[in-house]
Amino acid sequence: MRFPICVIDRTSVLAPNNLSIVWELTKHCNFGCSYCDVPRADAQDSDVLSTLEFIKRLRPHYDHVEVLLFGGEPTLFHDLQVVVTALRLMSVDIRIHTNFSASLRTYELLSDAGVQIQTTWHSTADPKKFIAKVDALGDPSLGSFVMYYPKKQGDNNTNCLWVYDELLQRDYDVELHEIHTSKPEFRLDYADKVEVLSRQQNLEKYVTVWYSDNSESYYHPEQMTSWGFNNFEGWTCSAGKAHVNIDCQGKVYPCSTYMDFNLPMGHVSSLSVDDLKARRCKVKHCLCELYLTKTLEGAICQSPN
């Protein structure tokens, strides 16, 4: 009987001494998306110095460190340039996850500083202005997540699919993305998920699953969550060792799923590199960290190729 034994992020397999950090710079956002679960009433900004010191302590222990600046909307963070400059001095690769609403000059400065810009398109944004700004920026490394709305929400996907196709035609790295929300009215039904999956490009760049018979298959995370293959409770996961999330309060989590359940592993002021280690997953529904390498208890993962 064939069964899965490993879920693989190929980049971590090829370069096992890498660290990926998602840093929530701020909870402030200038969009008012009706599906958003992030609380805005107590919006706050990150403690820059403590978090930078934490990253500085970790940096010598890894061959490669990447920091994704997240939010809220991170371009609203008052010390963004300080953060970018400090991270560059540590030889850290930087990405920023943005709704692309800041001025063109802001993104030009970020791009010139070597920051990879990762945009998201939401129905609150004008699709033609969004594409015009992409063209004006002209950054070939730009990546985009285009938010796909359930058909029961109306004709939002007319613009969504137009933006997606326009970005594809320009050869940008673009992904049609389901909205991750607790609100059922914004969750995709089966027909919606089929539409999303039918348009995805190059499944090889997403998740690789190795099986007990030494075979492998490629999947998009939406497929795995749709089929219920996202319960890794008890599996050993590289979350906490190869990946951490840091929230505005300086709490450190193995992954965003632990962050959703408020299960921190410590604080930036006290955690050391020795505290970062692979751990057995405690949650039954892995939401966003399907990309992180996971191993079934007792299995030995060796590439079939």
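Let us look at the structure shown here. The structure presented is a predicted model; accordingly, all values stated were derived computationally and were not measured.

**Quick look at the environment of Leu-142**
In this fold, Leu-142 is placed in the loop between α5 (127-137) and β6 (143-148). For the pair Leu-142 and Asp-173, spaced 31 residues apart in the sequence, the C-alpha separation amounts to 7.0 Å. Excluding residues within four positions of it along the chain, Leu-142 makes contact with Phe-100, Ile-117, Thr-119, Leu-137, Tyr-172 and Asp-173.

**With respect to unusual backbone geometry**
Gly-71 connects to Gly-72 through a cis peptide bond whose omega is 20 degrees. Mapped onto the elements, Gly-72 comes out in the loop between β3 (64-70) and α3 (80-89). Even without being glycine, Asp-171 reaches a positive phi, approximately 65 degrees. Phi at Asn-262 takes a positive value of approximately 55 degrees, unusual for a residue other than glycine. Relative to the elements of secondary structure, Asn-262 occurs in the loop between α9 (256-260) and β13 (266-267). Overall, Asn-262 belongs to the partly exposed group, its relative accessible area being 47%.

**With respect to the packing of helix α4 (residues 104-112) against α5**
Two packed helices can be described by the angle between their axes and the distance between those axes. Here α4 crosses α5 at 40 degrees, and the two axes come no closer than 10 Å. As summarised for this structure, α4 and α5 are arranged oblique, according to the angle between their axes. Here α4 and α5 pass one another in a crossing that is right-handed. Across from Leu-104, Tyr-107 and Glu-108 in α4, the residues of α5 making contact are Lys-133, Ala-136 and Leu-137. A class-by-class count of the residues in the contact of α4 with α5 yields 4 nonpolar, no polar and 2 charged.

**Digging into the packing of aromatic side chains**
Applying the stated criterion across every chain yields a total of 3 aromatic pairs. Taking 5.4 Å as the distance between ring centres and 65 degrees as the angle between the ring planes, the aromatic pair formed by Phe-100 and Phe-130 counts as edge-to-face. Here the residue Phe-100 occupies a position in the loop between β4 (93-98) and α4, and Phe-130 occupies one in helix α5, the gap between them amounting to 30 residues. In this pair, the class of Phe-100 matches that of Phe-130, namely buried. Their ring planes at 80 degrees and their centres at 5.0 Å tell us that Phe-232 and Trp-235 sit as a pair that is edge-to-face. Each member of the pair, Phe-232 together with Trp-235, is buried.

**Structural notes on the nonpolar core**
In this structure, Trp-23, Ile-55, Val-67, Leu-69, Leu-87, Val-146 and Leu-167 are the most contacted members of the largest nonpolar core, which totals 61 residues. Setting aside anything within four residues of it in sequence, one finds Trp-23 in contact with Ser-46, Val-48, Thr-51, Leu-52, Ile-55, Val-67, Leu-68, Leu-69, Phe-70, Val-83 and Ile-246. Among the nonpolar cores identified, the runner-up in size contains 10 residues, and Val-209, Tyr-219, Trp-235 and Cys-286 belong to it.

**Examining the sheet that holds strand β12 (residues 251-253)**
Here we have 9 strands laid out as an open sheet, ordered β7-β6-β5-β4-β3-β2-β11-β12-β13, and mixed in their pairing. Two strands in the sheet have a free side with no partner beyond their single neighbour: β7 (173-178) and β13. Two elements, β12 and β13, share 2 bridges in a ladder whose sense is antiparallel. Across the sheet, residue Val-252 finds its bridge partner in β13, namely Gly-266.

**Points about the pattern of salt bridges**
Under the definition given, this model contains 5 salt bridges. Notably, a salt bridge pairs Glu-24 with Lys-27, separated by 3.1 Å at the nearest N-O pair. Taking the relative accessible area as the measure of exposure, Glu-24 reaches 8% and is therefore buried. Residue classification places Lys-27 among the buried positions, given a relative accessible area of 16%. In this structure, Arg-170 engages Asp-135 in a salt bridge whose closest nitrogen and oxygen atoms are separated by 2.7 Å. Highlighted residues: Arg-170 in the loop between α6 (156-169) and β7 and Asp-135 in helix α5, separated in sequence by 35 residues.

Cut-offs and rules
- Residues numbered from 1 in each chain as written.
- Predicted model: local features only at pLDDT ≥ 70, side-chain atom pairs only at ≥ 80, totals over all residues.
- Heavy atoms only, no water.
- Helix = DSSP H or I, 4+ residues; strand = E, 2+ residues; numbered from the N terminus.
- Contact = heavy atoms within 4.5 Å.
- Buried < 20%, exposed > 50% of the residue type's maximum accessible area, 1.4 Å probe, protein only.
- Axes fitted to C-alpha atoms, helices over the stretch in contact; angles between N-to-C directions.
- Parallel < 35°, antiparallel > 145°, perpendicular 65-115°, else oblique.
- Left-handed = near helix turned anticlockwise from the far one by under 90°.
- Nonpolar A, V, L, I, M, F, W, Y, C, P; charged D, E, K, R; others polar.
- Phe/Tyr/Trp six-rings, centres within 6.5 Å; stacked < 30°, edge-to-face > 60°.
- Core = buried A, V, L, I, M, F, W, Y, C linked by side-chain atoms within 4.5 Å.
- Pairing = 2+ DSSP bridges.
- Salt bridge = Lys/Arg side-chain N within 4 Å of Asp/Glu carboxyl O.

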